[in-house]
Amino acid sequence: MNQGTIVASFGRQFEVLDTHGERWLCVTRGKRIDFACGDKVEFNATSAGHGVIQKNEARQSLLHRSDAFRQKLLAANVSQILIVVATEPSFSDELISRCLCAAEHQSLKARIVLNKADVTAGLDDARRRLAMFTALGYELIELSAMHDVSALAAVLSGETSVLVGQSGMGKSTLTNALIPDANAATREISAALDTGKHTTTTTRLYALPGGGALIDSPGLQAFGLAHLTEDDLLAGFCEFAPLLGKCRFRNCKHDAEPGCALLTAVEEGVISARRFSHYRLLHNEIHHAKRLSQGW
């Protein structure tokens, strides 16, 4: 039995780096695809450079998205999530809230990276839209991936970080700036394993020169959180914490009930109305997904 780490995932195939530094193209037994980039796995060799994954070790964390009927594993054993947005094209602040909920659920550090900060025409508006997150204590790192990424490099050492965000935000450009040979390494590995056709949808892990690792993931257009419970969701909004348990009714749904501590905080400006609208949208979405999955 061989041991290694999944350093790339594409569909039902996985690239595994073994403990000797050799790379293997592996598949799974049957139709199992419940493995993720970053997983520590055991696999059997079937031929030169090819193998079958048998199982993964216990995970320290698992970042994934889900709807009523399926889930998509994004990355395993990460310690930090870096949510990449840009001054252009326009980004979704709702997606940021979703990513932050996922991070809080897995007890991950979370930072927001504002790329293309040299595009000054959109800088003030981007800062204004991100203010509700920085007000909660989430760090905002402003940079231009085309010019200087030192501000981001400073928070990567010793961490296993994953870049997430919408398409067009510059995640791959950031990766190439942080790891200069990332493109060359990807082309070389893809050619050797005949996986070039998968490169646009590959989640890939790179070792960082200063220690730690960076996972670059495909652009996200959706980030479902159907796997979260109501308590998980509430905990995903850190500003709610001081108010939980202080509503008039114990079973308050934080919708229209009198004496709701969260609604009062929104009315008083203590909680951002925009953030609360994200919570309500996610609450309804998760409830609907659970009804669908149970056949109601």
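Above this text is the structure in question.
What you are looking at is a predicted structure, and each value in this text was computed from that prediction instead of being measured. (Residues numbered from 1 in each chain as written. Predicted model: local features only at pLDDT ≥ 70, side-chain atom pairs only at ≥ 80, totals over all residues. Heavy atoms only, no water.)

In this section: the nonpolar core. Of all hydrophobic cores here, the largest spans 75 residues; its most connected members are Leu63, Ile81, Ile96, Leu152, Leu174 and Phe223. Broken down by element, this core gets its largest block of residues, seven residues, from helix α1 (residues 93-105). In contact with Leu63, other than residues within four places in its own chain, are Leu73, Leu74, Ala75, Ile81, Ala102, Leu108, Val162, Val164 and Phe223. The next biggest cluster of nonpolar side chains, apart from the first, holds nine residues, and it includes Phe14, Val16, Phe35 and Val41. (Core = buried A, V, L, I, M, F, W, Y, C linked by side-chain atoms within 4.5 Å. Buried < 20%, exposed > 50% of the residue type's maximum accessible area, 1.4 Å probe, protein only. Helix = DSSP H or I, 4+ residues; strand = E, 2+ residues; numbered from the N terminus. Contact = heavy atoms within 4.5 Å.)

Relative to each other, α1 and helix α2 (residues 123-134) sit at 25°, their axes nearing to 11 Å. Comparing the axis directions of α1 and α2 gives the class roughly parallel. Our pair here, α1 against α2, has a crossing hand that is right-handed. Residues Asp93, Ile96, Ser97 and Leu100 of α1 form the contact with α2, whose own contacting residues are Arg129, Leu130, Met132 and Phe133. Counted by class, the contact of α1 with α2 contains five nonpolar, one polar and two charged residues. (Axes fitted to C-alpha atoms, helices over the stretch in contact; angles between N-to-C directions. Parallel < 35°, antiparallel > 145°, perpendicular 65-115°, else oblique. Left-handed = near helix turned anticlockwise from the far one by under 90°. Nonpolar A, V, L, I, M, F, W, Y, C, P; charged D, E, K, R; others polar.)

So, on to the side chain of Glu42. Relative to the helices and strands, Glu42 is located in strand β4 (residues 40-47). Lys55 provides the closest opposite charge to the buried, unpaired Glu42, separated from it by 4.1 Å. Residues in contact with Glu42, not counting those within four places in the same chain, are Met1, Asn2, Gln3, Val52, Ile53, Gln54 and Lys55. (Lys, Arg positive; Asp, Glu negative; His and termini not counted. Salt bridge = Lys/Arg side-chain N within 4 Å of Asp/Glu carboxyl O.)

With an omega dihedral of -5°, the bond running from Glu88 to Pro89 counts as a cis peptide bond. Structurally, the position occupied by Pro89 is in the loop between β8 (80-86) and α1. Backbone geometry places Ser107, a non-glycine residue, at a positive phi of 55°. Topologically, Ser107 is positioned in the loop between α1 and β9 (109-115). Unlike most non-glycine residues, Lys116 shows phi in positive territory, near 60°. Take Lys116: it is sitting in the loop between β9 and α2.

Tracing the backbone shows Ala126 in helix α2. C-alpha of Ala126 to C-alpha of His278: the two residues are 152 residues apart in sequence and 18 Å apart in space. In contact with Ala126, other than residues within four places in its own chain, are Thr87, Phe91 and Leu114.

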